[in-house]
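# Observations on the three-dimensional arrangement
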Amino acid sequence: MPGKPPPDEVLHIQDLHITVHDGAATAVRGITLSVGPGEIVGLVGESGSGKTLACRAALGVLPAGCAVSQGAISFGGENVTGLSRRGWERLHGTAVGAVFQDPASYLNPNLTVGGQLAEVLRVKQRLARAEAHRKTVELFAAVGLHDPERVFHQIPAELSGGMLQRVMIAIAISCDPRLLIADEATTALDVTIQAEIIELLKDLRDQRNLAVLFVSHDLALIRELCDRVVVFYAGEAVETGPVEEIIDRPRHPYTQALLRVASVGDFQRRELRVIPGQPPQMGEDVVGCRFAARCPAAIDACRSGPVDLLPLGPGHQARCVRAGDPELDAAAGAELAAR
Amino acid sequence: MTAPITDPAIAGPTRAPLLSLDGVDVVLGRGWRANHVLSEVDLNIWPGEIVGLVGETGSGKTTLARTVVGLIRPRQGRVTFRGAPISGLRRAARRRERRSGHVQLVFQDPLRSLDPDLTVAQIVGEGLRIRGGVDEAEIERRAAGALAKVGLDQTLLRRTPGQISGGQRQRVSIARALAVDPELLLCDEPVSALDASNRNYILRLLGDLRDTLGLPIVIISHDLSSLAGIADRVVVLYRGRIVEDGPVAQVFTAPRHPYTALLMASAPSVRHDRPLTVHQLRRTAADPAPPSAAGGCAFAARCPFAVDACAVRPALVPVAEPGTDRWSAACHRHAEWQPLARERSALATPH
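## Regarding the overall build of chain B
Helix and strand counts for chain B come out as 13 helices and twelve strands. Counting only C-alpha atoms, chain B reaches 70 × 45 × 45 Å along its principal axes. When the 351 residues of chain B are sorted by exposure, 48% land in the buried category. Pairs at least 24 apart in sequence give 63% of the contacts found in chain B among residues at least 6 apart.

## Focus: the interface of chain B and chain A
Counting residues at the interface gives 31 residues for chain B and 32 residues for chain A. Counting only elements with at least two residues in the side of chain B that touches chain A, the list comes to α8 (196-213), α9 (224-228) and α11 (258-266) of chain B. Looking at the side of chain B that touches chain A element by element, the count peaks at six residues for α8(B).

## Observations concerning the sheet that holds strand β4 (residues 67-75) of chain A
All names here are of chain A. In space, the four strands of this open sheet follow the order β2-β1-β4-β5, with antiparallel pairing throughout. The sheet is open, and its two borders are formed by β2 (25-35) and β5 (78-79), each paired with just one other strand. Here eight bridges tie strand β1 (residues 11-20) to β2, and the two strands are oriented antiparallel to one another. Looking at the pairing, T19 lines up with T26 of β2. Against the sheet, helix α1 (residues 51-59) contacts β1, β2 and β4, and its axis sits at roughly 115° relative to β1.

## Description of the sheet that holds strand β7 (residues 179-183) of chain A
All names here are of chain A. As summarised here, the arrangement of the eight strands in space is β6-β7-β8-β3-β9-β10-β12-β11, forming an open sheet in which the pairing is mixed. Of all strands in the sheet, those bounded by a partner on one side alone are β6 (96-99) and β11 (310-313). Each strand of the sheet is rotated relative to its neighbour by a mean of 20°, with strand direction disregarded. In the sheet, β7 pairs with strand β8 (residues 211-216) via five bridges, with the strands oriented parallel. Note on β8: the bridge partner recorded for I181 is L213. Helix-sheet contacts for α1 involve β3 (40-44), β6, β7, β8 and β9 (228-233), and the interaxial angle to β7 is about 150°. In the packing of helix α6 (residues 161-173) onto the sheet, contacts are made with β6 and β7, and the angle to β6 comes to roughly 170°.

## Notes on helix α3 (residues 113-124) of chain A
Residues and elements named next belong to chain A. Over its twelve residues, α3 runs 17 Å from end to end, which matches the ideal 16 Å to within 8%, given 1.5 Å per residue. Residues of α3 that are buried include every one of V113, G114, L117, A118, V120 and L121, and no others. Buried residues along α3 cover an arc of 150° about the axis, so they all sit on one side. Residue R126 follows α3 closely and has a positive phi angle near 55°.

## A look at α1(A)
All names here are of chain A. The element α1 is extensively covered by neighbouring structure, given that seven of its nine residues are classed as buried. Restricting attention to buried positions, one finds in α1 the residues K51, T52, L53, A54, C55, A57 and A58. Of the residues trailing α1, G60 is marked for its positive phi of about 70°.

## Some words on the nonpolar core
With 198 residues, the main nonpolar core has A54(A), L213(A), V231(A), A175(B), L186(B) and I219(B) as its most contacted residues. Among the elements that line this core, the one with the most residues is α6(A), at eight residues. In contact with A175(B), not counting residues within four places along its chain, are V124(B), A146(B), L147(B), K149(B), V150(B) and L152(B).

## Here we look at the packing of helix α7 (residues 166-178) of chain B against α8(B)
All names here are of chain B. Relative to each other, α7 and α8 sit at 20°, their axes nearing to 10 Å. Classified by the angle their axes make, α7 and α8 are roughly parallel. Here the hand of the crossing between α7 and α8 comes out right-handed. Mapping the contact onto sequence places G166, G167 and Q170 in α7 and N198, Y201 and I202 in α8. Here the residues of the contact of α7 with α8 sort into two nonpolar, four polar and no charged.

Cut-offs and rules
Residues numbered from 1 in each chain as written. Chains lettered and ligands numbered in written order. Predicted model: local features only at pLDDT ≥ 70, side-chain atom pairs only at ≥ 80, totals over all residues. Helix = DSSP H or I, 4+ residues; strand = E, 2+ residues; numbered from the N terminus. Buried ≥ 20, exposed ≤ 12 C-beta atoms within 10 Å, placed from the backbone. Contact = placed C-beta atoms within 7 Å. Pairing = 2+ DSSP bridges. Axes fitted to C-alpha atoms, helices over the stretch in contact; angles between N-to-C directions. Expected span 1.5 Å × (residues − 1). Arc of directions from axis to C-beta. Core = buried A, V, L, I, M, F, W, Y, C linked by C-beta atoms within 7 Å. Parallel < 35°, antiparallel > 145°, perpendicular 65-115°, else oblique. Left-handed = near helix turned anticlockwise from the far one by under 90°. Nonpolar A, V, L, I, M, F, W, Y, C, P; charged D, E, K, R; others polar.

Here's what the structure looks like:
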């Protein structure tokens, strides 16, 4: 194992492997990623690509039957892999907060949303009742809820989906974590509300130097928010780099395919493209590149052995034997520019 | 792919609309709970066209679809199909209309709308079985045919919804609707739960069904950019009222209602070259207070361009634009706000 991760990284994941079905299959195969202070890193990929499992490992809440079989996760240089349940409980809220797709299912429908946040503060920070109330109202205002004093006394059913997601974000950041994990946090929201939540996350990053790990299947959304991107495919990181690099000069054919199917906001009629084929089954062992079967640029070398992440520029890497092949890049570049 | 039918000689107002909603009002709940979900909705669907119906949560999109298929009875106004009223039918007449399968609805979430205990074959054949008049062999033949139309393999027929992928489930929902040979397909958020590749696959499939079967399709969606690739016409709902209705190419190039423009500016995009940003289309603290008359424009409270005239509800009126006779918007300032928007700051103002 390489040396200790630099302590200035809020989250560092090194060579993470996650097995599912009690070790019968490997769903995440050697993910390495890091998030610095005030940085927003996006994880993008199809459903089943392992991005949610990687997040849950970083939260210490893997579902039953799943386990970290190899690799390490650390917060600010402190190794948290294999931490006990009590150990994780100590970190939840104070080191890492999280928001998910369906805010209503994480709140008690019978209690006021303010009471639910105040309870977190009273337990985690041992605040007195009046103090917890005051700080709750402050947090509600910080996440852009209008009339926070009124919202405090409302129950989840009285609030819209966008307001509930703001409440969840307020709860997630209530104990000043350095890292926020947002797993498909805007997927269920209207586009107008989604745009507002994206702005809120940017504001929180700017005001609190919050690090954000943002998971989405929508590359267009990642583009709007993130500084860096990790592209997941069938349990592996196939490309990683600064967001402009990934969007303007994608080097992995899967990233190029994702870009061809992504939404373009000019609303012109263009052919709706699809990525033909299916990803390999979870746990299926593939010799060589896992994307080769669907790849228009695959050659024999792709199927002969494991493919490593190839450095292509500052912070830019791709897991493709043909990455950097001028012929491949020229073809993809011309096609993407035509969109 | 053949060209969409936009020739007015084929699809234009000279021919009768397939489906018409005239002044439809829907109120859900009673007494203090009563909620006016749809108000004075006038909408025509013409043969062979794909219409995108957009709006946010609570705008009445789903209620409109459910009203068309007779699951909800409008308080006022009427729904006609091929000129015959289908709203307000009772008992046997209503049952007959539903079983005819003229209008088929594809629901939003296939996991919740498909019976988890039935096989794909049973789900797709159920409509025919309920309608009666055909034997089992014929039902199976048609179910297999419907599955082929959506590009699914026959080997899926013996599986249950839990054993197939999300994209396949949505195709099964569409096959179920196609099995009864509908004349109009209504799809409620058919792609909102899918990733980009599967979303495009389903939209292309709907486009192909229109081209090969001539089937008119209404697609309800909150995702405007995906509609741009497939729909001929777009209808925008805001709080139960139609605020803009027109050809996709024109509406998405130069929207006439500020709400349509806000929806467009909010859609995520891999390119950063929008004509207007959300900040140019949202109210800020610096904007003068909007008129607060109860009967006024419902969007005025969110509209940065609202003026005193907006205290009176704007009617849906034709947009005078050469070459388009089927574009209308409900905004007093539909021809005025665009230059005002361009003058506003494209960036967020600090609060």
